[in-house]
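Each chain, written out:
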Amino acid sequence: MLALKSVPLSLAVVLTLATSAVAGVKIGVVTSASGPIALVGIPQKNTVPLLPKTAGGETIEYISLDDASDPSATVTVFKKLVLEEKVDAIIGPSGSPNALGIIGFVAENGVAVLAPVGSASAVLPMDDKKKWIFKTTQNDGLVADLLVGQMVKTGVKTVGFIGTSDSYGDTWSKALQEAAKAKGLTVVAQERFTRQDTSLVAQGLKIVSKSPDAVLVGAPGSSSVLPETTLVDVGYKGKIYQTHGAALQDFLKLGGKKVEGTILAGSGMLVLDEIPDTNPAKKIAVDYIAGYEKLYGVKPATFGANVLDAGLLLENAIPAALKVGKPGTREFRAALRDALEATKELTGAQGVYNMTPEDHSGFDRRGLELLTVSGGQFHLLK
Amino acid sequence: MNAQIALMLGQDGVTSGAIYALLAISIILVFSVTRILLVPQGEFVTFSALTMAAMQGGRPVRLGVLVLGLALAALVMDVVADRQRYRAWIWPKTSLALVAVGLVVVGLGLSVPFDRLGMLAQIAFTLATVVPLGPLIYRVFFQPIAAAPSLVLLMVAIAVHVALIGGGLLIFGPEGARTEPFSDAVIELGPAMIASQTLWVIGVSALLTIALGLFFEVSLWGKALRAAAFNRLGAELVGISPEFAGRTSMTLAALIGAVSGIVVAPITTIYYDSGFLISLKGFVGAIIGAMSSFSVAALGALLVGQTESFSTFWASTYKEIIVFTLLLPVLLWRSLRQGSVEDDE
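Residues numbered from 1 in each chain as written. Chains lettered and ligands numbered in written order. Predicted model: local features only at pLDDT ≥ 70, side-chain atom pairs only at ≥ 80, totals over all residues. Heavy atoms only, no water.

A count of helical and extended segments in chain B gives 15 helices and two strands. Over its C-alpha trace chain B gives a radius of gyration of 21 Å, about what one expects of a compact globule, namely 20 Å for 345 residues. Its C-alpha atoms put chain B at 70 × 60 × 35 Å along the principal axes. The buried share of chain B, taken over its 345 residues, is 52%. For chain B, contacts bridging at least 24 residues in sequence account for 76% of all contacts bridging at least 6. Approximately 15500 Å² of chain B is accessible, and the part contributed by carbon and sulfur atoms is 71%. A gap of 8 Å separates the mean positions of the 18 positive and 19 negative side-chain charges of chain B. (Helix = DSSP H or I, 4+ residues; strand = E, 2+ residues; numbered from the N terminus. Rg over C-alpha atoms; globule rule 2.2 N^0.38 Å. Buried < 20%, exposed > 50% of the residue type's maximum accessible area, 1.4 Å probe, protein only. Contact = heavy atoms within 4.5 Å. Areas by Shrake-Rupley, 256 points an atom, 1.4 Å probe, with all protein chains shown as cover. Lys, Arg positive; Asp, Glu negative; His and termini not counted. Charge placed at Lys NZ, Arg CZ, Asp CG, Glu CD.)

Counting its secondary structure elements, chain A contains 13 helices and 16 strands. In terms of C-alpha radius of gyration, chain A reaches 21 Å, essentially the compact-globule figure of 21 Å for 382 residues. For chain A, the spread of C-alpha atoms along the three principal axes comes to 65 × 45 × 40 Å. Classification of the 382 residues of chain A by burial places 59% in the buried group. Of the contacts formed within chain A by residues at least 6 apart in sequence, a portion of 68% connects residues at least 24 apart. For chain A, the accessible area works out to roughly 14500 Å², and carbon and sulfur atoms hold 57% of it. When the 38 positive and 38 negative side-chain charges of chain A are each reduced to one mean point, those points stand 1 Å apart.

Next up on the list: the domain arrangement of chain A. Residue and element names in this part refer to chain A. For chain A, the assigned domains read domain 1 (2–138 + 284–362) and domain 2 (140–273 + 368–380). The C-alpha-based centres of domain 1 and domain 2 are spaced at 30 Å. Opposite the 19 residues of domain 1 that make contact, domain 2 presents 15 residues. Between domain 1 and domain 2, the buried area comes to about 1300 Å², and carbon and sulfur atoms account for 68% of it. Taken as a group, Leu39, Gln138 and Thr302 account for 40% of the area that domain 1 buries against domain 2, more than any other trio of residues on that side. Summed over the shared surface of domain 1 and domain 2, the result is zero residue pairs in polar contact (both at pLDDT 80 or more). (Domains from an automatic or database assignment. Buried area = accessible area lost by both parts, 1.4 Å probe. Polar contact = N/O pair within 3.5 Å; in protein donor to acceptor, adjacent residues only side chain to side chain.)

Turning next to the packing of aromatic side chains. Given two aromatic rings, one states the distance between the centres and the angle between the planes to describe the pair. Counted according to the given criterion, the structure contains 11 aromatic pairs over all chains. Centre to centre, the rings of Tyr292 of chain A and Tyr296 of chain A are 4.8 Å apart; their planes meet at 50 degrees, and the pair counts as tilted. Highlighted residues: Tyr292 of chain A and Tyr296 of chain A, both in helix H11 (residues 281–296), separated by four residues, approximately one helical turn. On the accessibility criterion, Tyr296 of chain A (31% relative accessible area) is partly exposed. With a centroid separation of 5.0 Å and 85 degrees between ring planes, the pair formed by Phe182 of chain B and Trp200 of chain B is classed as edge-to-face. (Phe/Tyr/Trp six-rings, centres within 6.5 Å; stacked < 30°, edge-to-face > 60°.)

Moving on to the nonpolar core. Ile36, Leu63, Ile137 and Phe142 of chain B are the most contacted members of the largest nonpolar core, which has 96 residues in total. With 13 residues, the top contributor of residues to this core is helix H1 (residues 3–34) of chain B. Those residues within four positions of Phe142 of chain B in sequence are excluded, and the remaining contacts are Ile36, Ile137, Leu153, Val156, Ala157, Val160 and Met250 of chain B. Core analysis: the next-biggest nonpolar cluster, separate from the first, contains 63 residues, Val25, Phe78, Ala122 and Leu312 of chain A among them. (Core = buried A, V, L, I, M, F, W, Y, C linked by side-chain atoms within 4.5 Å.)

Take the environment of Arg192 of chain A next. With respect to the secondary-structure elements, Arg192 of chain A resides in strand E9 (residues 186–193). As for Arg192 of chain A and Gly41 of chain A, which are separated by 151 residues in sequence, their C-alpha atoms are 24 Å apart. For Arg192 of chain A, the contacting residues outside a window of four places in its chain are Phe161, Gly163, Thr164, Ser165, Gly169, Asp170, Ser173 and Gln203 of chain A together with Ser316 and Thr317 of chain B. For Arg192 of chain A, the side chain forms a polar contact with the side chain of Asp170 of chain A, separated by 2.8 Å.

Attention now goes to the confidence of the model for chain A. It should be kept in mind that the predicted coordinates are not to be read in detail where pLDDT is low. Across chain A, pLDDT averages 85, with 94% of residues at or above 70. Predicted confidence is poor over residues 1–22 of chain A, with pLDDT under 50, and the contacts of this stretch with residues over four places away or in other chains come to 24 contacts. (pLDDT = per-residue confidence, 0-100.)

The final tally for this structure, using the stated rule, is 18 salt bridges over all chains. The partner of Lys206 of chain A in a salt bridge is Glu191 of chain A, with the nearest N and O atoms 3.8 Å apart. Here Lys206 of chain A, found in helix H8 (residues 201–209), pairs with Glu191 of chain A, found in strand E9; they are 15 residues apart in sequence, far enough to count as distant. An identical accessibility class is assigned to Lys206 of chain A and Glu191 of chain A; each is buried. Among the charged side chains, a network of salt bridges with common partners joins Asp197 of chain A together with Lys281, Glu308, Lys319 and Glu320 of chain B. (Salt bridge = Lys/Arg side-chain N within 4 Å of Asp/Glu carboxyl O.)

Residue and element names in this part refer to chain A. In terms of residue burial, strand E8 (residues 158–164) counts as a mostly covered element, since seven of its seven residues are buried. The parallel pair E8 and E9 is bridged by helix H7 (residues 167–183), and the resulting crossover is right-handed. Sheet analysis places E8 next to strand E10 (residues 214–218), joined by five bridges and oriented parallel. Of the residues in E10, the one forming a bridge with Val159 is Ala214. (Right-handed = clockwise from strand over helix to strand, strands pointing away. Pairing = 2+ DSSP bridges.)

Contacts between the two partners involve 30 residues from chain A, matched on the other side by 31 residues from chain B. Where chain A abuts chain B, roughly 2500 Å² becomes buried across the two surfaces, and 54% of that area is made up of carbon and sulfur atoms. Linking chain A to chain B there are one salt bridge. One can count nine residue pairs in polar contact (both at pLDDT 80 or more) joining chain A with chain B. Those elements that place two or more of their residues in the side of chain A that touches chain B are helix H2 (38–47), E9, H8, helix H9 (225–233) and helix H10 (249–255) of chain A.

Sheet strands associate in pairs through backbone hydrogen bonding, adopting either a parallel or an antiparallel arrangement. All names here are of chain A. One open sheet accounts for seven strands, arranged E9-E8-E10-E11-E12-E15-E16; its pairing is mixed. Edge positions in the sheet fall to E9 and strand E16 (377–380), since each has one partner strand and no second. The average undirected angle you get between the axes of adjacent strands in this sheet is 30 degrees. Across four bridges, the pairing between E10 and strand E11 (residues 239–242) is parallel. Residue pairing across strands places Ala214 opposite Lys239, the latter belonging to E11. Contacts between H7 and the sheet are confined to E8, E9 and E10, with E9 contributing the most and set at about 175 degrees to the helix. Running over the sheet, H9 touches E8, E9, E10 and E11 and is turned about 175 degrees from E11. (Axes fitted to C-alpha atoms, helices over the stretch in contact; angles between N-to-C directions.)

Residue and element names in this part refer to chain A. Structurally, Gln350 is set in the loop between strand E13 (346–347) and strand E14 (352–353). In this structure Gln350 comes out as buried when scored by relative accessible area, which is 3%. With residues up to four places along the chain from it excluded, the contact list for Gln350 reads Gln138, Ser267, Thr302, Ala305, Asn306, Asp309, Phe363 and Gly367.

Let us now look at helix H6 (residues 140–153) of chain A. Residues and elements named next belong to chain A. Between its first and last C-alpha, H6 extends 20 Å over 14 residues, near the 20 Å set by a 1.5 Å rise per residue. Where the residues of H6 are buried, they touch E8, H7, E10, E11, strand E12 (263–267) and strand E15 (368–374). At the C-terminal side of H6, Gly155 shows a positive phi close to 85 degrees. (Expected span 1.5 Å × (residues − 1).)

As structure tokens, this is what we get:
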């Protein structure tokens, strides 16, 4: 451990909310605020000042670090947080490959991790190591079921898929195949691309040549736009579906008129005006968006809300853990994990969480809405 | 696959190939004059595309800050170098002019609402911001080590590329961007639909290639650059300064990159880090041209575009592998044909 202390860490250390030297609860936050998935990490990093500042009478101190989207840097940052800073829990990292790389390390050291990552493989299938990981996003399977359900309802028989050639696209390709098999759909085309590709005409033509009734685009962030606009350009006339990875304002901005009529599943955060006030998540989301806009002058992407929810889960779990031990001890960390696993009916900005030992994502259908694009805006699909 | 699909794939390949050809030409140009393998060439493309997008989105253009910063660094370096060399104060005209350009683009970029000014003004301002980066990068990073082995130059080029990508993230943010097309029209040619933006890409590339050809054949500057590329020492003996040659070739490279960025931005989503893959394909073209022949490199780049387009259709997962595998037969053929080459290091 002494040797580790002398390792010069070239990573930028941003201490947010360094309130005082009082020993409160220490939470590490690891985001990818630079590098290829910075568009996910930046709203997450920006959310840190909006996280709960006290819980159960203890102050919460957040230590926010950037892993530059690099899975090996994630491990270094986690080691620093756990071994040097002795944090009680960690929120992060932003990317699925980054999260998969640290499971062994956190399980060994007994630190709970609340990962705002997309891929369900971080918490499924549950085992002795993954029990330390919690995931604050909807599982892909849940979203896939909803989308495929909608396809079946509208009479779709064949479906094409185009996704990124990374773990996001892989997971979605698998999720679509499973959901399609269960509901009797045929996947007739499987195409891949990378985010930096400048032309997807070839993939588009290949899909059109198989003439599927619908196409699902499995790509995160603004990379979800080019496949869809290309399909429109090469004359595809069927319905185009997107995953929750496209549920961003930038999707509308970049896609313009060509993404009108897209069907996607996403958190209700995008259509707050149309969500009934009875939905418990609405108030939290409204407050979060207002607070974020006040600090940064822009609306947050839903990725930020995943970090906010992680903070809310911790705020809810810390009082129970304080009864067992003092912050900074192994007992406290273990109790915190148990308390997180026992979360019941906790409302976050994205939906309602009910954790169980088997389900560390804890979402049900309530957090998820079917959306469509019309008039350059997201609307609830009616 | 039927004729219509083949036609559309071919059209797509020609569009990409035209851009790769431009980049291949500028890579060869810079390499033959300065021995620098210009890895940051792609950044000129992305910076100009993102600058256009920023203007059209009504955001201030902050790239000028980088221009001004580099220009100030160049000014200091010029003054210090002249002191050491001549022990006197000499007006560093070039870097003073670049500082002035930097001040102008910072001032205009932050104050003028370019989204209301129409596309010609946006294009002009994008060129005025991105093109000075070429000579500035040469002055600040490469001129002091101009005589170093080409391996050192390559490493510095990679370092500059990485630094520029980081700067790009800081300046433009992580989001992808695309710009409005020059015109929306779609031309139906028999069974194929051709978007007019595609014609713009091909037309502009062809024009630029012809203009470059004329520049090298006819103008004095072009001839000087050719001389410097042909024999560096000889050119210096007849009064062509290597600094001038390096600066001019980098200016041309930046101009070509910036123009490519402006014409491709409407047909694809460009990210701050998209430049590398684009210029890497330009490299493949340049290598097919043996890093020396402009025309063979341009044809090679068109071949890369076609290979990319058709291989994506057959196996989209492996398309990069297929494109870069093109290098193997080319290298093999070149080395078999040339026999052993004397190493100049």
